[in-house]
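A look at the structure
What follows is each chain in one-letter form.
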Amino acid sequence: MKNAKIILSVVYSLLAAYGVVSVLLGNIPAYALVFVFLYLGTAAALNNKGGKIATGIAYFCGGMLIIFGILAVIMFISTFYGHEYDPISPIVFAVAGIVGVMTIYLLRRAN
């Protein structure tokens, strides 16, 4: 599981870097830097740095991603009732949910 921690830390660090670059280029507004701090806090917590504050941030971020995973299930079920979505959104939300579950699992395992 040590490799999973490293991989998730790299994913969160890349997301934070993407957020900083997007803000600097003007693609997204400056208040989106909140997500950069969420991702950096989560990466720090996965590496056992930052104490209880980083762990709390990581649990919040993981929970938020799990909500996206639940949304993917809702989108899948609603297709049986005639709703149509683009084919990529449920996949992205499902991957986000899996990342959230792995994050919380690895945090719980470390404590």
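What about the nonpolar core?
Tyr12 and Leu46 are the most contacted members of the largest nonpolar core, which has 15 residues in total. For this core, the secondary structure elements donating two or more residues are helix H1 (2-25), helix H2 (33-46), helix H3 (51-78) and helix H4 (89-110). Take this core: its biggest share by element is five residues, from H2. Non-local contacts of Leu46, meaning those with residues more than four positions away in its chain, are made with Lys5, Leu8, Ser9, Tyr12, Thr103, Leu106 and Leu107.

A short note on the layout of surface pockets
Its volume calculated, the largest pocket comes out at about 380 Å³. Lining the largest pocket are 18 residues, and of these Leu15, Tyr18, Phe35, Tyr39 and Leu65 sit closest to its centre. Sorting elements by how many residues they give to the lining of the largest pocket places H1 first, with six residues. Looking at the lining of the largest pocket residue by residue, the classes come out as 16 nonpolar, two polar and no charged.

Reading guide: rules and limits
- Residues numbered from 1 in each chain as written.
- Predicted model: local features only at pLDDT ≥ 70, side-chain atom pairs only at ≥ 80, totals over all residues.
- Heavy atoms only, no water.
- Core = buried A, V, L, I, M, F, W, Y, C linked by side-chain atoms within 4.5 Å.
- Buried < 20%, exposed > 50% of the residue type's maximum accessible area, 1.4 Å probe, protein only.
- Helix = DSSP H or I, 4+ residues; strand = E, 2+ residues; numbered from the N terminus.
- Contact = heavy atoms within 4.5 Å.
- 1 Å grid on protein atoms, 1.4 Å probe; cavity = no way out; pocket = protein on both sides within 12 Å on 5 of 7 lines; lining within 4 Å.
- Points joined across faces, edges and corners; volume = space filled by probe spheres on them.
- Nonpolar A, V, L, I, M, F, W, Y, C, P; charged D, E, K, R; others polar.

Taken by themselves, the reported measurements are silent on function.
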